[in-house]
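# Breakdown of the fold
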Amino acid sequence: MKTARLVESLPTSYIREILQAATAADCLSLAGGLPDPKYFPLDATAEALQLVADSPSVHGHLFQYASTRGYQPLIDHLQTQLSVGAGHELLMTNGSQQGIDLAVRTYLNQGDEVALEVPAYLGALQVFALAGVRVRPIPQLPNGPDLEALRKVFETGRCKMFYTVPDFHNPTGCCWSLEVRTEVARLCRKHGVLLLEDAPYRDIRFHGENLPLVSDFCSDVAIVLSSFSKTAMPGLRLGAVVAGKKLLAPMLRVKQAVDLHTNTLGQFLLAEFLVKGNYVAHIANLCRNYHAKYEALHAALELHTAEFGFHRPVQGGMFIWFVLHELDATLVAQRCLERGLAVVPGGVFFPAGEKHSINALRLNFSYLAISQLEEAAARLAAVLRELSACIAVGGRYSGVR
Ligand SMILES: Cc1ncc(COP(=O)(O)O)c(C=O)c1O
């Protein structure tokens, strides 16, 4: 059976393929964006499940069809936790990935243009491809998008949406400055462009000032996506869309058409954890531990790989973006896999067919233990040395850029 045209154009998730290859017993993976399961709130979840098991008649409603908007006690709690402003509302989704999909289905037609920073989150590129919308890539600078390039794209009048990850971007770890946030908000309002602000890493800040959401400066044209995948457990598949009532109402209709509502038992488990557990302490602990892991990988890279590339320090999130001076990132990633290390070459974070000059690796530091991160950096260094030595003697690796 022939698949639909748009499905044929859907990029495969190279990362999922690498993750599959990385399941070999001695392979260390810096490839996925996986949180460390050591920090999953399993005790709170077990208690909540026990509550359900002990009194099924009280909790039987968790297994009935429910409201499209989500589980009300969770929504009530999140209104406060996420500081949802007056006139704004919340919709529970299956992760922020579904939030991206719902926003695109609701506000874009096939052939419409969406701007986004490149390199970009692969899952968003997949949604855009499936919806048949046209991507306008905006280069990313150290403090956020290239504002001049963004202004030019907005001025064409064809761009309807700007998809962004301003806090600890995937894959680069970039965090926008306050000036960039206010200017992007101003441009979105001036040109009537819908801002889709995806913020799954926002709470994972190691140090530095917590900056306002970009949407705080343009809330009338903005949709914010939150996620509990990185801060609680990704398997729960829970996220929240926050937007003004007018923007959210059609998204609710689309959500109903797509899957009726988000799994209520999962929402109950999250609500119990957020309401009864100490979420503030949980996040502080998570940030402390991820910070230590980041420092360990950062130091090991400085020690072993500085001659082959560089990376900008990050203040949070889960990723280091390691830019190679000479060796080809795809070749390095391939060789690493043969040597028991999974990393993602930067080219996969670009829209299909988009020419780019970026030669980098995305390295995740949240998943492995500190000793494994150090070993991973040593394996990466060995591959980099091996490939450059081979090239130096005119060997078969012709991966110099
Ligand atoms: C920028 C970005 N947005 C969305 C997602 C998807 O998150 P969720 O698990 O909440 O669907 C990810 C996952 O890695 C991500 O990096």
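None of the values given here were measured: they were computed from a predicted structure. (Residues numbered from 1 in each chain as written. Predicted model: local features only at pLDDT ≥ 70, side-chain atom pairs only at ≥ 80, totals over all residues. Heavy atoms only, no water.)

## Overview of the overall build of the protein chain
Tallying secondary structure elements over the protein chain gives 14 helices and 14 strands in all. Scaling as 2.2 N^0.38, a compact globule of 401 residues should have a C-alpha radius of gyration of about 21 Å, and the protein chain matches this with 22 Å. Taken along the three principal axes of its C-alpha coordinates, the protein chain extends 70 × 55 × 55 Å. Evaluated residue by residue, the protein chain yields a buried proportion of 54% over its 401 residues. Pairs at least 24 residues apart make up 74% of the contacts formed inside the protein chain by residues separated by at least 6 positions. Only carbon and sulfur atoms are counted for the fraction: they give 54% of the accessible area of the protein chain, which is about 17,800 Å². Mean positive and mean negative side-chain charge positions of the protein chain (36 and 37 charges, respectively) differ by 6 Å. (Helix = DSSP H or I, 4+ residues; strand = E, 2+ residues; numbered from the N terminus. Rg over C-alpha atoms; globule rule 2.2 N^0.38 Å. Buried < 20%, exposed > 50% of the residue type's maximum accessible area, 1.4 Å probe, protein only. Contact = heavy atoms within 4.5 Å. Areas by Shrake-Rupley, 256 points an atom, 1.4 Å probe, with all protein chains shown as cover. Lys, Arg positive; Asp, Glu negative; His and termini not counted. Charge placed at Lys NZ, Arg CZ, Asp CG, Glu CD.)

## Section: the sheet that holds strand E13 (residues 344–345)
Sheet architecture is open: four strands sit in the order E10-E11-E14-E13, paired in antiparallel fashion. In this open sheet, the two strands that pair with only one neighbour each are strand E10 (309–310) and E13. Pairing of E13 with strand E14 (residues 360–364), which is carried by two bridges, proceeds in the antiparallel orientation. Note that in E14 the partner of Pro345 across the bridge is Leu361. Sheet strands in contact with helix H12 (residues 279–305) are E10, strand E11 (319–324) and E14, and its direction is about 15° off that of E11. (Pairing = 2+ DSSP bridges. Axes fitted to C-alpha atoms, helices over the stretch in contact; angles between N-to-C directions.)

## Considerations on the site of the ligand
Around the ligand there are 14 residues in total, and Ser96, Asp198, Tyr201, Ser227 and Ser229 lie nearest to it. Interatomic distance of 2.8 Å between a side-chain N/O atom of Asn170 and an oxygen atom of the ligand. One of the side-chain nitrogen or oxygen atoms of Tyr201 is found 2.5 Å away from an oxygen atom of the ligand. Within the complex, 92% of the 400 Å² of free accessible area of the ligand lies under protein. Ranked by residues supplied to the shell around the ligand, first place goes to helix H6 (residues 95–107) with three residues. Among the residues forming the shell around the ligand, the class breakdown is five nonpolar, six polar and three charged. (Near = heavy atom within 4 Å. Polar contact = N/O pair within 3.5 Å; in protein donor to acceptor, adjacent residues only side chain to side chain. Nonpolar A, V, L, I, M, F, W, Y, C, P; charged D, E, K, R; others polar.)

## Focus on the nonpolar core
Formed by 69 residues in total, the largest nonpolar core has its most connected members in Leu270, Val332, Leu361, Leu363 and Leu380. Once residues within four sequence positions are removed from consideration, Leu270 is found in contact with Leu74, Phe228, Ala232, Leu236 and Leu238. (Core = buried A, V, L, I, M, F, W, Y, C linked by side-chain atoms within 4.5 Å.)

## Here's the deal with the sheet that holds strand E6 (residues 159–164)
Strand order in the open sheet made by the eight strands is E2-E9-E8-E7-E6-E3-E4-E5, with mixed pairing throughout. Every interior strand has two partners, whereas the edge strands, strand E2 (88–93) and strand E5 (144–145), have only one. As paired elements, strand E3 (residues 113–118) and strand E4 (residues 134–141) share six bridges and run parallel to each other. Paired with Ala115 across the bridge in E4 is Arg136. Relative to E4, helix H8 (residues 147–155) is tilted by about 160°, and along the sheet it contacts E3, E4, E5 and E6.

## Comments concerning the packing of aromatic side chains
Two aromatic rings, taken as a pair, are described by how far apart their centres are and by the angle between their planes. With the rule as written, the count across this model stands at eleven aromatic pairs. Seen from their ring centres, Phe128 and Tyr163 are 5.8 Å apart, and the 75° between their planes marks the pair as edge-to-face. Taken as a pair, Phe128 in helix H7 (residues 122–131) and Tyr163 in strand E6 lie far apart in primary sequence, 35 residues in all. Judged on exposure class, the residue Phe128 and its partner Tyr163 are both buried. (Phe/Tyr/Trp six-rings, centres within 6.5 Å; stacked < 30°, edge-to-face > 60°.)

## Digging into helix H3 (residues 42–54)
Compared with an ideal rise of 1.5 Å per residue, which puts 13 residues at 18 Å, H3 spans 18 Å between its outermost C-alpha atoms and is within 8% of the ideal. Every buried residue of H3 is listed here: Thr45, Ala48 and Val52. Along H3, the residues classed as buried sweep out an arc of 65° about the axis, all on the same side. Summarising the geometry of H3, the exposed residues directed more than 90 degrees from the buried face are Asp43, Glu47, Ala53 and Asp54. Structurally, H3 contributes buried residues whose contacts are with helix H4 (56–59) and helix H11 (264–276). (Expected span 1.5 Å × (residues − 1). Arc of directions from axis to C-beta.)

## Looking at the environment of Leu274
Topologically, Leu274 is positioned in helix H11. The exposure class of Leu274 is buried, given its relative accessible area of 4%. The spatial distance from the C-alpha of Leu274 to the C-alpha of Ser215 is 24 Å, given a sequence separation of 59 residues. The contact partners of Leu274, leaving out residues within four places of it in the chain, are Leu74, His77, Leu78, Gln81, Phe228 and Tyr279.

## A word on the UniProt feature "domain: Aminotransferase class I/classII large" (unreviewed entry) in the protein chain
UniProt's entry tags residues 39–380 with the feature "domain: Aminotransferase class I/classII large" (unreviewed entry), counted in the numbering of this structure. Between the end C-alpha atoms of residues 39–380 there is a gap of 27 Å, over a span that is 44% helix and 18% strand. (UniProt positions renumbered as here; feature names shortened; annotations may be inferred.)

## Considerations on unusual backbone geometry
A cis amide bond, omega 0°, links Val118 with the succeeding residue Pro119. Structurally, Pro119 can be placed in the loop between E3 and H7. With omega at 20°, the peptide bond leading from Asn170 into Pro171 counts as cis. Tracing the sequence through the fold places Pro171 in the loop between E6 and helix H9 (178–191). Of note, Ser83 is a non-glycine position whose phi angle comes to about 45°, a positive value. Following the sequence through the fold, Ser83 ends up in the loop between helix H5 (72–81) and E2. Ser83 sits in the exposed class, given a relative accessible area of 59%. We note that Phe168 has phi near 55°; this positive angle belongs to a residue other than glycine.

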